[in-house]
Amino acid sequence: MEILRIVVTVIFALDALALAIVVLMQESKSAGLSGAISGMADTYWGRNKGRSMEGKLVTATKVLGVLFFVLALLLNMGWGR
């Protein structure tokens, strides 16, 4: 079981590193409320945002974030001892 704990810990560390990289790759959301008021959602980019690189980064952030918390809970509960 100690080997399993080491494997999960390594996956946890790699997930943390990947999560940091994906978050840093995302564009800043500095437009704020002014972007929403000016009708940014009606543009081509706004309607197809999920298929763009930015949309894929957002999805990857969500998946890596959930994996991070699940692995953290498993390691904290003593799973793998």
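Conventions adopted
Residues numbered from 1 in each chain as written. Predicted model: local features only at pLDDT ≥ 70, side-chain atom pairs only at ≥ 80, totals over all residues. Heavy atoms only, no water. Helix = DSSP H or I, 4+ residues; strand = E, 2+ residues; numbered from the N terminus. Buried < 20%, exposed > 50% of the residue type's maximum accessible area, 1.4 Å probe, protein only. Contact = heavy atoms within 4.5 Å. Areas by Shrake-Rupley, 256 points an atom, 1.4 Å probe, with all protein chains shown as cover. Axes fitted to C-alpha atoms, helices over the stretch in contact; angles between N-to-C directions. Parallel < 35°, antiparallel > 145°, perpendicular 65-115°, else oblique. Left-handed = near helix turned anticlockwise from the far one by under 90°. Nonpolar A, V, L, I, M, F, W, Y, C, P; charged D, E, K, R; others polar. Polar contact = N/O pair within 3.5 Å; in protein donor to acceptor, adjacent residues only side chain to side chain. Patch = residues over 30% accessible without salt bridge, like charges linked within 9 Å, V, L, I, M, F, W, Y side chains within 5 Å. Salt bridge = Lys/Arg side-chain N within 4 Å of Asp/Glu carboxyl O. Phe/Tyr/Trp six-rings, centres within 6.5 Å; stacked < 30°, edge-to-face > 60°.

Chemist: Any chance you could explain the overall build of the chain here in plain terms?
Modeler: Regarding its fold elements, the chain presents four helices and zero strands. Start at the N end of the chain and walk to the C end: the helices and strands fall as α-α-α-α. Classification of the 81 residues of the chain by burial places 20% in the buried group. Partitioning the intrachain contacts of the chain with sequence separation of at least 6 by distance along the chain shows that 87% fall at a separation of at least 24. Per element, the accessible surface of the chain, about 6200 Å² overall, is 72% carbon and sulfur.

Chemist: Would you explain the environment of glutamine 26 in this entry?
Modeler: Note on placement: glutamine 26 falls in the loop between helix H1 (2-25) and helix H2 (32-37). Put simply, glutamine 26 and valine 58 are 32 residues apart on the chain and 7.8 Å apart in space, counted from C-alpha to C-alpha. Other than its neighbours up to four places away in sequence, glutamine 26 contacts Glu54, Leu57, Val58 and Thr61.

Chemist: Just checking my understanding: could you explain the packing of H1 against helix H4 (residues 53-76) for this structure?
Modeler: When two helices pack together, their arrangement is given by the angle between the helix axes and the distance between those axes. Between H1 and H4, whose axes approach to 9 Å, the crossing angle comes to 150°. Of the possible angle classes, the one that applies to H1 and H4 is roughly antiparallel. Crossing handedness for the pair H1 and H4: left-handed. On H4, the residues that touch Arg5, Val8, Thr9, Ile11, Phe12, Asp15, Ala16, Ala18, Leu19, Val22, Val23 and Met25 of H1 are Met53, Leu57, Ala60, Thr61, Leu64, Gly65, Leu67, Phe68, Leu71, Ala72 and Leu75. For the contact of H1 with H4, the class distribution of residues is 18 nonpolar, three polar and two charged.

Chemist: Could you clarify how one ought to interpret the side chain of glutamate 54 in this entry?
Modeler: Mapped onto the fold, glutamate 54 is located in helix H4. Only 3.3 Å separates the side chain of glutamate 54 from the backbone nitrogen of glutamate 27, close enough to count as a polar contact.

Chemist: How should I be thinking about a nonpolar patch on the surface in this particular structure?
Modeler: Together, Leu17, Ile21, Met25 and Met53 make up an exposed nonpolar region whose accessible area comes to about 420 Å². Here the element with the most residues in the nonpolar patch is H1; it accounts for three residues. Tracing the backbone through its elements, the reader meets leucine 17 in helix H1. Classification of leucine 17 as exposed rests on a relative accessible area of 52%.

Chemist: Mind showing me how you'd approach the packing of aromatic side chains here?
Modeler: Given two aromatic rings, their pairing is described by the distance between the two centres and the angle made by the two planes. Applying the stated criterion across every chain yields a total of two aromatic pairs. With 4.8 Å between their ring centres and 20° between their planes, phenylalanine 12 and phenylalanine 68 make a pair best called stacked. Placement of the pair is phenylalanine 12 in helix H1 and phenylalanine 68 in helix H4, with a sequence separation of 56 residues. Ring centres 5.7 Å apart and planes at 85° place the aromatic pair phenylalanine 68 and phenylalanine 69 in the edge-to-face group. Owing to a relative accessible area of 58%, phenylalanine 69 belongs among the exposed residues under this scheme.

Taken by themselves, the reported measurements are silent on function.
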